[in-house]
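The lines below spell out each chain.
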Amino acid sequence: MTDRLALHGVFKSFGGLHVNSDVSFALKAGDRVALIGPNGAGKTTLVNIISGDLRPTAGRVLFEGADVTRLPIAERSRRGLARTFQISRLFASLTAGENVSLAVMQRRGLTRRVLSATADMADVHTECIELLETLGIADLAALPVGQLAYGQQRLLELAIGIALKPKVLLLDEPAAGVPHEETPKILGAIDRLPPDIAVLMIEHDMDLVFRFARRVLVLAGGRLIFEGTPAEASLDEDVRRAYLGSYADARRTA
Ligand SMILES: Nc1ncnc2c1ncn2[C@@H]1O[C@H](COP(=O)(O)OP(=O)(O)OP(=O)(O)O)[C@@H](O)[C@H]1O
């Protein structure tokens, strides 16, 4: 089976700052992988490289076997790569339903011919409402995004990610900033993602990692220092050191 996503020797520097060094890994259909690591380890930078928001300094990103390293975000998205952001990027002046409908329309190729597409709009609306129902936020469809609570906005972001029917979904801290009592809803939504999607999730909350991930990648100082199950990660000495902040010291003295 061709990997859905593969990174080969990815490096990223900002001036003299080496943020990602020689990172390689692959995701297959149905994978549930968490990318963890201490603050500043380079996780978001790596996700930005996968999504096309950033170009790597060296190395390659393959999507279904094809080199997409130089392709723009929109082309990667058309091929089936979707992401959510750590900080919400929803259209605040549109309603929740309109935000999801736009994603459904984008996937169906309707956004370029909006004026001639009215016949398809009933379908788009039905799909949008079904999606919002799946995430338990159908009652919010008519509300402007600006009026939604933060946790509801994160659920809406997930709805948009799913609306794109991606083959690979990148989730950047989907539960960040969500009040504790609302995290079960985010977890429930993630549990109900279509099983075939390959999902890579950046997450600090280890409860969520344990519940979601079957495999964990640990990034420290820009390098992958561990790949294994969540249980193995929690017992690994290098991983423990990375989280205690002594990994950088160990490298400096090595
Ligand atoms: N555009 C940029 N220009 C310069 N430095 C950057 C840029 N983007 C990120 N960095 C630096 O790269 C390092 C890694 O940042 P990144 O956001 O990828 O880490 P992270 O592992 O996602 O951290 P966190 O868990 O805190 O979100 C940090 O030192 C950050 O300041």
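For the structure, check the block above.
A quick note: this is a predicted structure, and the numbers were derived from the prediction, not measured. (Residues numbered from 1 in each chain as written. Predicted model: local features only at pLDDT ≥ 70, side-chain atom pairs only at ≥ 80, totals over all residues. Heavy atoms only, no water.)

## What to know about unusual backbone geometry
Piece 1. The phi angle at Lys165 is positive, at roughly 45 degrees, despite the residue not being glycine.
Piece 2. One can find Lys165 in the loop between α5 (150–163) and β7 (168–172).
Piece 3. Accessibility expressed as a relative area gives 54% for Lys165, which makes it exposed.
Piece 4. Even without being glycine, Glu173 reaches a positive phi, approximately 45 degrees.
Piece 5. Glu173 gets classed as buried once you look at its relative accessible area, which sits at 9%. (Helix = DSSP H or I, 4+ residues; strand = E, 2+ residues; numbered from the N terminus. Buried < 20%, exposed > 50% of the residue type's maximum accessible area, 1.4 Å probe, protein only.)

## Some details on the environment of Thr95
Piece 1. For Thr95, the location among the structural elements is in the loop between β6 (81–84) and α3 (96–108).
Piece 2. Look at Thr95 and you get buried, because its relative accessible area is 16%.
Piece 3. Sequence separation between Thr95 and Leu143 is 48 residues; the distance between their C-alpha atoms is 4.9 Å.
Piece 4. Leaving out residues up to four positions away in the same chain, Thr95 has contacts with Ala141, Ala142, Leu143, Pro144 and Val145. (Contact = heavy atoms within 4.5 Å.)

## Considering the nonpolar core
Piece 1. Counting 52 residues, the largest nonpolar core has Val100, Leu132, Leu156 and Ile190 as its most contacted members.
Piece 2. Residue contributions to this core peak at seven residues, all from α5.
Piece 3. Ranked by size, the runner-up nonpolar core spans 24 residues in total, among them Ala41, Phe63, Leu200 and Ile202. (Core = buried A, V, L, I, M, F, W, Y, C linked by side-chain atoms within 4.5 Å.)

## Focus: the sheet that holds strand β3 (residues 32–36)
Piece 1. Taken together, the six strands give an open sheet; going across it, the order is β6-β7-β8-β3-β9-β10, and neighbouring strands pair in mixed fashion. On the outer flanks of this sheet lie β6 and β10 (223–228), each paired with one strand and no other. Adjacent strand axes in the sheet meet at a mean angle of 20 degrees when their direction is disregarded.
Piece 2. Pairing of β6 with β7, which is carried by four bridges, proceeds in the parallel orientation. (Pairing = 2+ DSSP bridges. Axes fitted to C-alpha atoms, helices over the stretch in contact; angles between N-to-C directions.)

## Some details on the site of the ligand
Piece 1. Lining the immediate environment of the ligand, one finds 13 residues, of which Gly42, Lys43, Thr44, Thr45 and His204 sit closest.
Piece 2. A distance of 2.9 Å separates an oxygen atom of the ligand from a polar side-chain atom of His204.
Piece 3. Summarising the interface, the protein chains cover 59% of the accessible area of the ligand, which totals 640 Å² for the free molecule.
Piece 4. Top contributing element to the shell around the ligand by residue count: helix α1 (residues 43–51), with three residues.
Piece 5. Classifying every residue of the shell around the ligand by side-chain character gives five nonpolar, seven polar and one charged. (Near = heavy atom within 4 Å. Polar contact = N/O pair within 3.5 Å; in protein donor to acceptor, adjacent residues only side chain to side chain. Areas by Shrake-Rupley, 256 points an atom, 1.4 Å probe, with all protein chains shown as cover. Nonpolar A, V, L, I, M, F, W, Y, C, P; charged D, E, K, R; others polar.)

## Thoughts on the pairing of β10
Piece 1. Sheet topology note: the strand β9 (residues 215–220)/β10 ladder contains five bridges and is antiparallel. Counted as the bridge partner of Leu219 is Leu224 from β10.
Piece 2. Taken together, β9 and the strand that follows it, β10, pair antiparallel across an intervening segment of two residues, in which Gly221 is found at a positive phi of about 55 degrees.

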